[in-house]
Amino acid sequence: MADLSADIAALPDKTLLVLDDDAPLRTRLGRALEQRGFETTLVGSVSEALAAVRQAPPAFAVLDMRLEDGTGLKVVEAIREARPDSKVVMLTGYGNIATAVAAVKSGAIDYLSKPADADDVARALFAL
């Protein structure tokens, strides 16, 4: 983890959007990623995420796939339009090949099943 924290510290832009409708998970993951050096924005719905992307497109994002008001894929598309160089990781409690393919086709760099560990998420963000 020390090397990863150094990699994060060296980034010119450490902004990270975390979208999940599970508030305890969102808070726990956000805090863990902040401890690794990211500057996090935490949101609980697709509409909040889209507003955050419009206000300040993040360099990184960790997005839940299924939410009450839509799908994380809509947020991936908005991020890709606003900031094509961003790195997005999708999270889901409903892992299957079709949703993984949809996530990657929409622009996500990786797809992780819940509950995802903060180290796994950070490694996924730096995979490419």
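This one's a predicted model, so the numbers in the text were calculated from it and none came from an experiment.

Caption draft 1: Structural detail: the sheet that holds strand 1 (residues 15–19). Reading across from one edge, 2-1-3-6-7 is the order of the five strands in this open sheet, with parallel pairing throughout. Both edges of this open sheet fall to strand 2 (39–43) and strand 7 (110–113), since each of them pairs with a single strand only. On average, each strand axis in the sheet is tilted by 20° relative to the strand beside it, whichever way the strands run. Where helix 2 (residues 23–35) meets the sheet, its contacts fall on strand 1, strand 2, strand 3 (60–64) and strand 6 (87–92), and the angle it forms with strand 2 comes to roughly 170°.

Caption draft 2: Quick peek at the environment of Ile-8. Along the chain, Ile-8 falls in helix 1 (residues 2–9). Counting along the chain gives 25 residues from Ile-8 to Leu-33, while the straight-line C-alpha distance between them is 10.0 Å. In contact with Ile-8, other than residues within four places in its own chain, are Lys-14, Arg-36, Gly-37, Phe-38 and Phe-126.

Caption draft 3: How the structure looks around a negative patch on the surface. A cluster of acidic residues, Asp-21, Asp-22, Glu-48, Glu-68 and Asp-69, forms a negative patch at the surface. Structurally, Glu-48 is set in helix 3 (residues 46–55). Its relative accessible area of 42% is what places Glu-48 among the partly exposed residues.

Caption draft 4: Highlighting the packing of aromatic side chains. Throughout the structure, instances matching the rule amount to one aromatic pair. Each ring, one from Phe-38 and one from Phe-60, has its centre 5.3 Å from the other, and the planes form 75°; the classification is edge-to-face. Of the two residues, Phe-38 is situated in the loop between helix 2 and strand 2 and Phe-60 in strand 3; the sequence distance between them amounts to 22 residues. A residue is classified by how much of its surface remains accessible, and Phe-60, at 6% relative accessible area, is buried.

Caption draft 5: Fine view of the pairing of strand 2. Of the pairings in the sheet, the one linking strand 1 to strand 2 comprises five bridges and is parallel in character. Within strand 2, the residue paired with Leu-17 across the bridge is Thr-41. Following the chain from strand 1 across helix 2 to the adjacent parallel strand 2, one finds a crossover that is right-handed.

Caption draft 6: The environment of Leu-4, seen in detail. Here Leu-4 is to be found in helix 1. The exposure class of Leu-4 is buried, given its relative accessible area of 13%. Sequence separation between Leu-4 and Ala-122 is 118 residues; the distance between their C-alpha atoms is 7.6 Å. When residues no more than four places from it in sequence are discounted, the contact partners of Leu-4 are Asp-119, Ala-122, Arg-123 and Phe-126.

Caption draft 7: Summary view of the nonpolar core. Of all hydrophobic cores here, the largest spans 22 residues; its most connected members are Leu-17, Leu-63, Val-75, Ile-79, Val-88 and Met-90. Examining the composition of this core, we find that five residues originate from one element, helix 3, more than from any other. Contact partners of Val-75, with chain neighbours within four places excluded, come to Leu-17, Leu-19, Val-46, Ala-49, Leu-50, Val-53 and Leu-63. Ranked by size, the runner-up nonpolar core spans 21 residues in total, among them Leu-29, Phe-38, Ala-59 and Ala-124.

Criteria and cut-off values
- Residues numbered from 1 in each chain as written.
- Predicted model: local features only at pLDDT ≥ 70, side-chain atom pairs only at ≥ 80, totals over all residues.
- Heavy atoms only, no water.
- Pairing = 2+ DSSP bridges.
- Helix = DSSP H or I, 4+ residues; strand = E, 2+ residues; numbered from the N terminus.
- Axes fitted to C-alpha atoms, helices over the stretch in contact; angles between N-to-C directions.
- Contact = heavy atoms within 4.5 Å.
- Patch = residues over 30% accessible without salt bridge, like charges linked within 9 Å, V, L, I, M, F, W, Y side chains within 5 Å.
- Areas by Shrake-Rupley, 256 points an atom, 1.4 Å probe, with all protein chains shown as cover.
- Salt bridge = Lys/Arg side-chain N within 4 Å of Asp/Glu carboxyl O.
- Lys, Arg positive; Asp, Glu negative; His and termini not counted.
- Charge placed at Lys NZ, Arg CZ, Asp CG, Glu CD.
- Buried < 20%, exposed > 50% of the residue type's maximum accessible area, 1.4 Å probe, protein only.
- Phe/Tyr/Trp six-rings, centres within 6.5 Å; stacked < 30°, edge-to-face > 60°.
- Right-handed = clockwise from strand over helix to strand, strands pointing away.
- Core = buried A, V, L, I, M, F, W, Y, C linked by side-chain atoms within 4.5 Å.

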